[in-house]
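Listed below, chain by chain, are the residues.
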Amino acid sequence: MGDRFQISKVNGTTNAAYDGEAGSGAAGADQPDAMHPPSSNENHLQPKAPTESGENRRSSRLSFRGFGHFLRKSDAERKFSLAQLTKETLPRLDNYRISMRNLKRPSIGELQGEAADQSITIPDPEPEPTGGHIKLGWIVGVLIPCLLNIWGVMLFLRLSWVVAESGILQSLIIITISAVVCVITTLSLSAISTNGEVKGGGVYFIISRSLGPEFGASVGVVFAFANAVSASMNTIGFCESLNGLLKNSGLKIVDNGINDIRIVGSVTILVLILICCVGMEWETKAQNFLIVTIVLAIFNFIIGAAIGPNGNETLISKGFVGFSWNTFKDNFGSDYRYAEGVNHDFFSVFAIFFPSVTGIQAGANICGDLKDAGAAIPKGTFWSLLISMSSYALFVLFAGGAAVRDASGIPGDLVNGTIIPSELPCMATGNCTWGLFNSYEMMQEMSLWGPLIYAGCFAATLSTALTNLLSVPRLVQALGIDQIYPGLIFFSKPYGKHGEPYRGYVLTFFISTSFLLIGELNLIAPLISTFYLASYALINFCTFHAAFVKPLGWRPTFKYYNAWLSLFGFAMCVAIMFLINYVAAIITFGIIFALYLVVMYRKPEANWGSTTQAQQYKAALMAVTRLQNVSDHVKNYHPQVLVLSGDPKTRPPLVDFGYLLTKNNSLMFVANIIPVRVGYKNRQHLMKDGQKYLDARKIKAFYNVIDGFSLEDGINALTKSTGFGKMSPNIVLVGYKPDWNRCRKEEVESYFSILYNAFSQRMGVALLRLPNGLDFSELSSEVTMPANGMGHMHTANAQGFTNELMPAANAASELLHIDSNLNLAGMDSPNSSFTMPQPPPMPNMQRSSRSYKVNSSDEPAVTYHTKGGSDIPQNLLEAMTIFTRKQAKGTIDVFWLYDDGGLTILLPYIISMRSHWQNCKLRVFAMCHGKDEEQEEKSMASLLTKFRIKYSELIMLKGVSEQPRADTLLKHKRLIEPFRRGSRNEFGITDDELHSMAEKTNRQLRIHELVVKHSSNASLVVMSLPMPRKEAISAPLYMSWLEMLTSDMKCPVALARGNQTPVLTLYS
């Protein structure tokens, strides 16, 4: 078909075959006389008499091989086959075969008339030539708080019971496992803590700034809850010890049991909260006193156990027999028993013991109060671990080597001054009251001076409760200031010059008191263990993730860590959680996941440079790199659209139409070209403003602004440079230019060149026209945030909070936020102004102040409003939301006129699959050669079936080559009359061009008539876009074609054209 015509050189000019869109204008045509316009009865497509003042277009010669007699026939006698009129191919099955039968469609270069050889030589480059806040040190700020937190209720009240249940060996194994978990976690904690400045918030701050706010906030809430419950657990231990002391003295409050624990415990927590509220000075003084008391009590026990009972039969009868090999051997193995409603085993005892080693985060919890958190946390935490684990191991050895498991406390039960378990009467009845198994007061009996053990127990329990109560409000404060969970904002308000979170203390008091009312220490300890293990697991995972991803910002000064060791620590913590109590582990992870989903739903504006972001970047980079090495395949085609909308707020239907094609499927780019230079900051402000609009509309697209270029040059640059690799646009979507017949000639030429250049870049083109136009610039749009939004207008400062954690609201605080991590996205202030020239108001639009909100949910919304006092016209609202509202039952009419690779049929098919357009069925219209219309209809139906394109009706257009009606010819004649070239109009359409393009123009006019006839009630019309070719057709004539094709329609009309490469395939 295409080889019937040829392009040749005549006298230095290009002569092109007469090939429809691929044909060129006739040569040597002179200008018509402008003083004598043609009458309405004349065919305006016939040639005029030439004038000497005319300006010749490129001369062309029509060359038919053996058809000279054919040219001499009159127009009425000629009956052209479509193959004789154009190089275009119709959509046919053979064009898509992967075989020798495949008929090649013409390339985009052939249709545009490009020269066959376009190779260029690139020259080789030339060789290049040859304050007032109290700050704590590592001892007072980390070592002592960690020791006080670790030396808790277990040290004097439960460690002897652990030895009785698990024996010396397994007790040491429990301590070793706990120590391994803590050491690995401390290594991870130290690495994160030394990777930049650590602010207030402790574990929450560390995890949120490493893994992001989703994980950090969820674990932070769980960790704060665990600390509050741990405070109640240690208070229960204090109350148990106090009850024992009162019982020995013959005193009681109510029942010397659980009710006494509840009464004393509530008062104790209240007093501890008041001590915390006084401030850091009182806390430090109290901690110094408590640590001295605990150390004295520890040495008191060790010395007393080493000395032994010294023949005191009362002490021996209670189980304190002194060091002996037989006692050590008897206590070396385990003897798990039923106690307090539980059949104990190794992991149940481990669950009760593990909270006693969960104090390693005490320094991190108050890291905002440390002089140098990066240096203090590793040093203080490791020393506290070494000291505390050594003391636990010594206690196990001394208790297991110097006391028996069961004793009656009756001196008469002794045999030769010693205890023989088989001879004890209480062993037969199971009611022994003394010994490691049965009494939590064995430490007092074995010590050098019993009252000092009570003092040490009081100090250990109260100190741990104090550090827990101190850390919880600050953690809640950090969560509230970051505005992660709205419910915590109220409790985060700081007071005083030191920013004390008094409201957080009140919240902590109620949480701790509510769990204290349970009154059973062994019931609370396993739940706390799972919470602490979950946070330790995520601390280890943070370090592994950061070390594995290796972002450039990961540069910890603490070097003694290993990524795989941290991963092992993570797996170890999770495994222990499930071995302790799989139900509690599942509940813990369920709570964390629920809190994670809340943060994901709220989408806080938190940009902390987390390793999750770095991982996303690396994963995307690797995916794009791998994709670059994968050859394109038609089955994986995605329409990646570049929408030339200008400011997206002024042309929402064009943006919505582009998003219909790409939603959940492919890429979309939105571009705005500004002809003047606006400066970097103004350009960044415009880009942020446009992107915010797209995000508020939930349109997933990339917005870009090009300034300092003309419209044509800017779009040409965008088509060449937008995207990267395979993630580049392959379709250019433009709006129709309705004022082409009223604007300057340069604008018409520019618009025509835009379409031409897009095809030259081997891109598809889609053109959208709405009956009332696409420009809604007269409507002002405003992106509004919800009342509980997470923007900076709702920060803690805006609500009257003043704290050193959150500086006063100014440009710097908005830039740095709480964590002082630089957010490059907010670096340029939009305070500088730039006024964009606005297009004239839309015709027939009333000025009003009424507004229209695009989406009515609690999420960010876009509100359109006018400037007067009347309502926005209903027709404007309908036009603006044409592609976003639910469509009634109707049709999408597709005029697939030329085979462009299938894009013309693919785009409407995608639209028909969208939920708002699923009620609209596809109707396909196609042309035939006019030989065997029935067979061609069957062939077309077979092609659509093989493409799996669902359609409701297939109509073969007849009479396309017939002469248009007189009224259509007259309409077109009047349309192009101002553009006819004459003495006063050197820019325009020549008579020779009209003559050479007469058949082509008639075809466009006939298609217009058929479209109006068949699709006047359609919901959307999509048809093939005529090919723009500069050598063949002038811009005004081409624009007249587009005007005729899209006019007289009540629905949106889209003209589409692929780049002649297939986007559909027959094969699976």
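Look a little higher up for the structure.
Overview of the structure. (Residues numbered from 1 in each chain as written. Predicted model: local features only at pLDDT ≥ 70, side-chain atom pairs only at ≥ 80, totals over all residues. Heavy atoms only, no water.)

### Some thoughts on unusual backbone geometry
Moving on, step 1. The backbone of arginine 762 shows a phi angle near 60 degrees, a positive value even though the residue is not glycine.
Moving on, step 2. With respect to the helices and strands, the residue arginine 762 is situated in the loop between helix 27 (745-760) and strand 9 (764-769).
Moving on, step 3. By relative accessible area, which is 37% here, arginine 762 ends up partly exposed.
Moving on, step 4. Residue aspartate 1048 is not a glycine yet carries a positive backbone phi of 65 degrees.
Moving on, step 5. Topologically, aspartate 1048 is positioned in the loop between helix 35 (1035-1046) and strand 17 (1053-1057). (Helix = DSSP H or I, 4+ residues; strand = E, 2+ residues; numbered from the N terminus. Buried < 20%, exposed > 50% of the residue type's maximum accessible area, 1.4 Å probe, protein only.)

### Points about the nonpolar core
Moving on, step 1. Membership of the largest hydrophobic core comes to 154 residues, with the highest contact counts inside it found for Leu155, Phe156, Phe301, Tyr392 and Phe395.
Moving on, step 2. Those residues in contact with phenylalanine 395 that sit more than four places away from it in its chain are Leu155, Phe156, Leu159, Ile298, Phe301, Ile302 and Met443.
Moving on, step 3. Counting 64 residues, the second-largest nonpolar core is a separate cluster that includes Phe979, Leu1005, Ile1007 and Leu1045. (Core = buried A, V, L, I, M, F, W, Y, C linked by side-chain atoms within 4.5 Å. Contact = heavy atoms within 4.5 Å.)

### Re the sheet that holds strand 13 (residues 890-895)
Moving on, step 1. The 10 strands lie next to each other as 7-6-5-8-9-17-16-13-14-15, forming an open sheet whose pairing is mixed. Only two strands of the sheet have a single partner each, and these edge strands are strand 7 (702-707) and strand 15 (953-957). Between one strand and the next, the sheet's axes are offset by a mean angle of 20 degrees, whatever the strand orientation.
Moving on, step 2. Sheet analysis places strand 8 (residues 731-735) next to strand 9, joined by 5 bridges and oriented parallel. The residue of strand 9 that forms the bridge with valine 732 is valine 765.
Moving on, step 3. Lying over the sheet, helix 24 (residues 652-662) contacts strand 5 (641-644), strand 6 (668-674), strand 8, strand 9 and strand 17, oriented at roughly 175 degrees with respect to strand 5. (Pairing = 2+ DSSP bridges. Axes fitted to C-alpha atoms, helices over the stretch in contact; angles between N-to-C directions.)

### Focus: the pattern of salt bridges
When their charged atoms lie close together, side chains carrying opposite charge are able to pair.
Moving on, step 1. Within this structure, the stated rule accounts for 24 salt bridges.
Moving on, step 2. Between aspartate 1048 and lysine 971 there is a salt bridge, with the nearest N and O atoms lying 2.7 Å from each other. Of this pair, aspartate 1048 sits in the loop between helix 35 and strand 17 while lysine 971 is found in helix 32 (residues 966-976), placing the two residues 77 residues apart along the sequence.
Moving on, step 3. Among the residues examined, lysine 971 registers a relative accessible area of 32% and is labelled partly exposed.
Moving on, step 4. One network of salt bridges, with partners in common, ties together Lys737, Asp739, Arg744, Glu746 and Glu747. (Salt bridge = Lys/Arg side-chain N within 4 Å of Asp/Glu carboxyl O.)

No statement about biological role is implied by the geometric values presented.
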